[in-house]
Amino acid sequence: MIPVMDGPAAGAAAGPTGALRLEGVHAFYRSFRAVRDVSLSVRPRAVTAFIGPSGCGKSTLLRTINRMHETIEGGRVEGRITVDDVDIYRKGIEATRVRRMVGMVFQKPNPFPSMTIFDNVASGVRLGGVNRRHDLELVVEHSLRRAALWDEVKDKLREPGTSLSGGQQQRLCIARAIATEPEILLLDEPCSALDPISTQRIEELLRALRTDYTIIIVTHNLQQAGRVSDETAFFTMGEDRAGYLVEFAATERLFTSPTQRLTAEYVEGRFG
Amino acid sequence: MADVPMDVASEALLPVRGGSRLLQRPSGRERRRARVNRLARVVAGLAAIITIAPLLAIIGYVVARGLPTLTMQFLQNPAANPDDPGALNAIAGSLQMVPLALVFSGSLGLLAGIYLAEFARPAVAQAFGFIVDVLLGVPSIIAGLLVYSTLVAAVGSSAFAGSVALAVVMFPVVVRTTEEVLRLVPGSLREASLALGIPVWRTVLSVVLRTARAGILTALMLAFARGFGETAPLLFTARGSDALNVGDLGSTMSALPLFVYQNSRLPSKFFVSEAWSAAIVLLAIVLLINVVVRGRSINARVD
């Protein structure tokens, strides 16, 4: 048995661990409440899956964690979200700083078409003031290796990022996201636009990355949640069309012996 | 066999029993439809030919009328040359005033286009877009009058005033085209950039503008072509000048369209012919820019 991770207090003493806690989080689009009162503690250095039917607010919730929700006109968040015990919505904390600590990978691979593979990976780092060629090369190589893409692209770093296949593009986006050395990595249905083999490679990658990052993956695919995640949060939509957290537990427990009727029905495929 | 014609193959595949409906003679309705179809095709084809006819006619006529006086001297001498007057003053004038106007309208127009596409709320963008469209439709002589009644009234006729008047005409072209090409940049790229912790201003500069750079160049070239062909804004502002004016923006200056207009009114066959020659040069430059832009725009789309 693997011992349960240390609590956030122990982690804080040892430096950042990517401990993430949500307390009474609501997310709005103007007056519409898309997410209602979500509280959960995400296990650091593990993979957490957000599952649930379409429209249950799981992507919206994910986007509150790196403050991307507020980039949408009318997007608003209530409640508390802390990363290593610091409230990311506290006054005076720049959203850009939060986003550099909480990386994100989107549903559709979105490398910058005007940039080479190298520049794509380097794009976030350049901003942090790293501009020396040698340093950039180190970061790019390291990130591409971590994203299990280095061997495939090391001879064509000068080619456009969009010249790669869909699966490679998504790993390029993962490399780009981890180049800024985030503590937390958010993935919003990262495989839904990919073929099964590319999907498998991404899943393997996530298993490998969780030793260094706190990973949250939103997925529609229950099997995927079962394969990659350590813990799973199940969301559904209430009668007011706001998404809420139904159950949050170790993945195996949630799938085999859910405590909530709704969870049981969903994992058995009876709705959603 | 790979070479079996389609109809034979399908006959072999489809069992034809006695009178398959597919093999019956076409009905009157079907024959009439086929006739109407042929007729419509011919009419549409003719209409297409008619639309390109004016362009060909213009090119042919202008070249035929202007070619005799389109000599090296024409390109090398200013109109003030007493022995062998040419159009260098006009060519040089256009090449000074239009680029300067592009600096004014391009810098301001790019910023306005960026604002409309990236920062303005939808309602504001719509209102501003409408105003820009109106500006786009304002007759260019009004732009000339505006500058005449303000700048020229204050400091007199000058190439600088001409540039400003041209800039007024070119500005909405830059704004609109910039806005349109920026809107073609997928939102997912902005999201990707913001999610990397890249601030909005830098996202616009290094992701959005960079992705749309081909389109932006198109916007600037279109504005350049527009300004290059304008006569009216210069009539009361730059006024025209027979002498070669290089660099003196405080004095009057000629331009190719202005040269065409002014020469065509002179009572001499030679000067009128020179107007046609200038028209060839003008047409060649404007068409060249347009062809380059259209050719580019096929590749300029954002993928």
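Residues numbered from 1 in each chain as written. Chains lettered and ligands numbered in written order. Predicted model: local features only at pLDDT ≥ 70, side-chain atom pairs only at ≥ 80, totals over all residues.

1. Focus: the overall build of chain A
Piece 1. The helix and strand tally for chain A stands at eleven helices and ten strands.
Piece 2. For 272 residues, the compact-globule estimate of 2.2 N^0.38 gives 19 Å, and the C-alpha radius of gyration of chain A, at 18 Å, lies within 12% of that figure.
Piece 3. The dimensions of chain A, computed from C-alpha atoms along their principal axes, are 55 × 45 × 40 Å.
Piece 4. Here chain A, with 272 residues, has 46% of them falling under the buried criterion. (Helix = DSSP H or I, 4+ residues; strand = E, 2+ residues; numbered from the N terminus. Rg over C-alpha atoms; globule rule 2.2 N^0.38 Å. Buried ≥ 20, exposed ≤ 12 C-beta atoms within 10 Å, placed from the backbone.)

2. Examining the packing of helix H5 (residues 122-137) of chain B against helix H7 (residues 159-183) of chain B
Residues and elements named next belong to chain B.
Piece 1. For the pair H5 and H7, interaxial distance at closest approach is 8 Å and the crossing angle is 140°. When the interaxial angle is binned, H5 and H7 end up oblique. The handedness of the crossing between H5 and H7 comes out as left-handed. Between H5 and H7, the contacting residues are Val-132, Leu-135 and Leu-136 on the first element and Pro-172, Val-173, Val-175 and Arg-176 on the second.
Piece 2. Residue composition of the contact of H5 with H7, by class: six nonpolar, no polar and one charged. (Axes fitted to C-alpha atoms, helices over the stretch in contact; angles between N-to-C directions. Parallel < 35°, antiparallel > 145°, perpendicular 65-115°, else oblique. Left-handed = near helix turned anticlockwise from the far one by under 90°. Contact = placed C-beta atoms within 7 Å. Nonpolar A, V, L, I, M, F, W, Y, C, P; charged D, E, K, R; others polar.)

3. A short note on helix H2 (residues 58-65) of chain A
All names here are of chain A.
Piece 1. The element H2 is largely enclosed, with a buried count of eight among its eight residues.
Piece 2. Every buried residue belonging to H2 is among Lys-58, Ser-59, Thr-60, Leu-61, Leu-62, Arg-63, Thr-64 and Ile-65, and all of these are buried.
Piece 3. Among the residues trailing H2, Arg-67 stands out with phi positive, at a value near 60°.

4. A closer look at unusual backbone geometry
Residues and elements named next belong to chain A.
Piece 1. Even without being glycine, Ala-148 reaches a positive phi, approximately 55°.
Piece 2. Residue Glu-189 is not a glycine yet carries a positive backbone phi of 45°.
Piece 3. With respect to the helices and strands, the residue Glu-189 is situated in the loop between strand S7 (184-188) and helix H8 (196-209).
Piece 4. With 20 C-beta atoms packed within 10 Å, Glu-189 lands in the buried category.

5. With respect to the environment of Trp-201 of chain B
Residue and element names in this part refer to chain B.
Piece 1. Of note, Trp-201 is situated in helix H9 (residues 200-211).
Piece 2. Take Trp-201: there are 10 C-beta atoms within 10 Å of it, and that puts it in the exposed class.
Piece 3. In this structure, the C-alpha to C-alpha distance between Trp-201 and Glu-118, residues 83 residues apart in sequence, is 9.8 Å.

6. Details of the confidence of the model for chain B
Residue and element names in this part refer to chain B.
Piece 1. The share of residues in chain B with pLDDT of 70 or more is 91%, and the mean pLDDT across the chain is 90.
Piece 2. Looking at the elements of chain B, mean pLDDT is at its lowest for helix H1 (residues 6-13), recorded as 49, and at its highest for helix H4 (residues 88-119), recorded as 96.
Piece 3. For this predicted complex, the interface confidence score (ipTM) comes to 0.90, while the overall pTM stands at 0.81. (pLDDT = per-residue confidence, 0-100.)

7. Quick look at the pairing of strand S9 (residues 231-237) of chain A
All names here are of chain A.
Piece 1. Of all seven residues in S9, six are buried, a share of seventy percent or more.
Piece 2. Sheet topology places strand S3 (residues 47-51) next to S9; four bridges connect them, and they run parallel. Across the sheet, Ile-51 pairs through a bridge with Phe-234, a residue of S9.
Piece 3. The turn linking S9 back onto strand S10 (residues 243-250) is made up of five residues, and Arg-241 within it adopts a positive phi angle of 65°. (Pairing = 2+ DSSP bridges.)

8. Observations regarding the interface of chain B and chain A
Piece 1. Listed by partner, the interface residues are 16 residues for chain B and 20 residues for chain A.
Piece 2. Of all the elements, helix H8 (residues 187-195) of chain B adds the most residues to the side of chain B that touches chain A, at six residues.
Piece 3. A per-class count over the side of chain B that touches chain A returns nine nonpolar, three polar and four charged.

9. Looking at helix H7 (residues 166-179) of chain A
Residues and elements named next belong to chain A.
Piece 1. For H7, spanning 14 residues, the distance from its first C-alpha to its last is 20 Å, which sits close to the expected 20 Å at 1.5 Å a residue.
Piece 2. Summarising burial for H7: 13 of the 14 residues are buried, a large majority.
Piece 3. Looking one or two residues beyond H7, the residue adopting positive phi is Glu-181, at roughly 55°. (Expected span 1.5 Å × (residues − 1).)

10. Some details on the nonpolar core
Residues and elements named next belong to chain B.
Piece 1. Core analysis: the biggest nonpolar cluster contains 143 residues, and Met-170 and Ala-278 have the highest contact counts within it.
Piece 2. Considering each element in turn, this core owes the most residues, 16 residues, to H7.
Piece 3. Setting aside anything within four residues of it in sequence, one finds Met-170 in contact with Ala-101, Leu-102, Ser-105, Ala-223, Arg-226 and Gly-227. (Core = buried A, V, L, I, M, F, W, Y, C linked by C-beta atoms within 7 Å.)

11. A look at the confidence of the model for chain A
Piece 1. When pLDDT is averaged along chain A, the result is 92, and 94% of the positions lie at 70 or above.
Piece 2. Long-range and interchain partners of residues 1-13 of chain A, a stretch whose pLDDT sits below 50, account for twelve contacts in this model, where long-range means more than four residues apart.

12. What to know about the pairing of strand S8 (residues 214-218) of chain A
Residues and elements named next belong to chain A.
Piece 1. Burial analysis of S8 places five of its five residues in the buried class, which makes it a mostly covered element.
Piece 2. Burial of the side chains of S8 extends over both faces: Thr-214, Ile-216 and Val-218 are buried on one face and Ile-215 and Ile-217 on the other.
Piece 3. In the sheet, S3 pairs with S8 via four bridges, with the strands oriented parallel. Counted as the bridge partner of Thr-48 is Ile-216 from S8.
Piece 4. With five bridges joining them, S7 and S8 adopt parallel strand pairing.

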